[in-house]
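# Descriptive structure summary
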Amino acid sequence: MKKRRALILTMVVVVLAGAFVQANTTSLFLDNGFAALYYHAVRLEEAFPRVNPMGLAITEFEKAARDDETAGEAKLMMGMIYQYLDRPGTALGYFLEFAELHPEEVWIYSFIGDMYAEMGRVEDAEKSYSRAIDGSQDDIFAQAYVGLGNTALEKGEYTAAKEAFEKALANAGDYVDARVGLGKALYYLHEYEEAVNVLELAQLQAPRSIAMLHYLGLSYEATGLDEKAEHAFARIAELQQTP
């Protein structure tokens, strides 16, 4: 699930960065890197095992990073690649370099916050998420609120977590990560019936989410809905046995 989410994020940023590059400059190396990421997304290497699209993407973006006009965009994409490869420390370095080259692009601090959180640096993550939110001019920062909510959950600050997830949903009402997070916060705040309502909506969006099912089952138990709780926990067992 983590890999799938990272790949989705990567492809979103391919679109974002591609538009950003078109507005600023053209680069064969960047175009080649984007194409290689697309080939990986469509699993070209499964049909042609000798082809390594991710390796090709890294090579092309490294070339683009040597050009001052395309260095920022290339570093952004390198950060996304290393996030996908579960190397948050390396990804963080590239994201910070992009932020230095393009200080006006404050949305990058949401990604920086994610990397700090992956590394267990909760305080740095919170600062980065807050910086992204403070610089927001529109509704694209729901992920930063989710990040703040998750760090608050980790610290046991459940009211703050609830508020952050609610803000994320206000900006992006179909954001399932925010809805699952809100359900968790409500459970820990002993608002069990509301947790059930929120998590049942999340179940419609992500029926295979083990975290959602776990807290839904716990919330069912807390409200006396034992049969539904058993069903939720049984579903978790089924998913865990599925290859």
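None of these values were measured; they are calculated from a predicted model. (Residues numbered from 1 in each chain as written. Predicted model: local features only at pLDDT ≥ 70, side-chain atom pairs only at ≥ 80, totals over all residues. Heavy atoms only, no water.)

With that settled, the discussion passes to the overall build of the protein. Helix and strand counts for the protein stand at 14 helices and 0 strands. Ordered by position from N to C terminus, the α and β elements of the protein give α-α-α-α-α-α-α-α-α-α-α-α-α-α. By residue count, 46% of the 243 residues in the protein fall in the buried class. Contacts spanning at least 24 positions in sequence make up 50% of the contacts within the protein whose residues lie at least 6 apart. (Helix = DSSP H or I, 4+ residues; strand = E, 2+ residues; numbered from the N terminus. Buried < 20%, exposed > 50% of the residue type's maximum accessible area, 1.4 Å probe, protein only. Contact = heavy atoms within 4.5 Å.)

Further remarks concern the packing of aromatic side chains. A full pass over the atoms with the stated rule returns 11 aromatic pairs. Seen in terms of ring centroids, phenylalanine 98 and tryptophan 107 are 5.7 Å apart; in terms of plane orientation they differ by 45°. Their pairing is tilted. For the pair formed by phenylalanine 98 and tryptophan 107, the shared burial category is buried. Both rings, one in tyrosine 187 and one in tyrosine 215, keep their centres 6.0 Å apart while their planes meet at 70°; by these two values the pair is edge-to-face. Note that tyrosine 187 is positioned in helix 11 (residues 176-188) and tyrosine 215 in helix 13 (residues 210-222), a separation of 28 residues in sequence. We note that tyrosine 187, like tyrosine 215, is buried. In this structure an aromatic cluster arises from ring pairing among Tyr158, Tyr187, Tyr188, Tyr192 and Tyr215. (Phe/Tyr/Trp six-rings, centres within 6.5 Å; stacked < 30°, edge-to-face > 60°.)

Next up on the list: helix 11. Here helix 11 contains 13 residues, and its C-alpha end-to-end distance of 19 Å stays within 8% of the 18 Å for a straight helix at 1.5 Å per residue. Where helix 11 is buried, its residues meet helix 9 (142-154), helix 10 (158-171), helix 12 (192-205) and helix 13. Following helix 11 by one or two positions, histidine 190 adopts a phi angle in the positive range, close to 65°. (Expected span 1.5 Å × (residues − 1).)

With that out of the way, let us pick up a negative patch on the surface. The grouping of Glu163, Glu166, Glu193 and Glu194 at the surface amounts to a negative patch. Going through the elements one at a time, helix 10 and helix 12 are the ones with two or more residues in the negative patch. Structurally, the position occupied by glutamate 166 is in helix 10. The exposure class of glutamate 166 is partly exposed, given its relative accessible area of 36%. (Patch = residues over 30% accessible without salt bridge, like charges linked within 9 Å, V, L, I, M, F, W, Y side chains within 5 Å. Areas by Shrake-Rupley, 256 points an atom, 1.4 Å probe, with all protein chains shown as cover. Salt bridge = Lys/Arg side-chain N within 4 Å of Asp/Glu carboxyl O. Lys, Arg positive; Asp, Glu negative; His and termini not counted. Charge placed at Lys NZ, Arg CZ, Asp CG, Glu CD.)

Closest axis-to-axis distance for the helix 6 (residues 88-101)/helix 7 (residues 108-118) pair is 9 Å, and the angle between their directions is 155°. Considered as vectors, helix 6 and helix 7 are oriented roughly antiparallel to each other. Relative to helix 7, helix 6 is oriented so that their crossing is left-handed. Residues Pro88, Ala91, Leu92, Phe95, Leu96, Phe98 and Ala99 of helix 6 touch helix 7, and the partners they reach there are Ile108, Tyr109, Phe111, Ile112, Met115, Tyr116 and Glu118. (Axes fitted to C-alpha atoms, helices over the stretch in contact; angles between N-to-C directions. Parallel < 35°, antiparallel > 145°, perpendicular 65-115°, else oblique. Left-handed = near helix turned anticlockwise from the far one by under 90°.)

It is worth stressing that arrangement in space is one thing and function is another; only the former is reported here.
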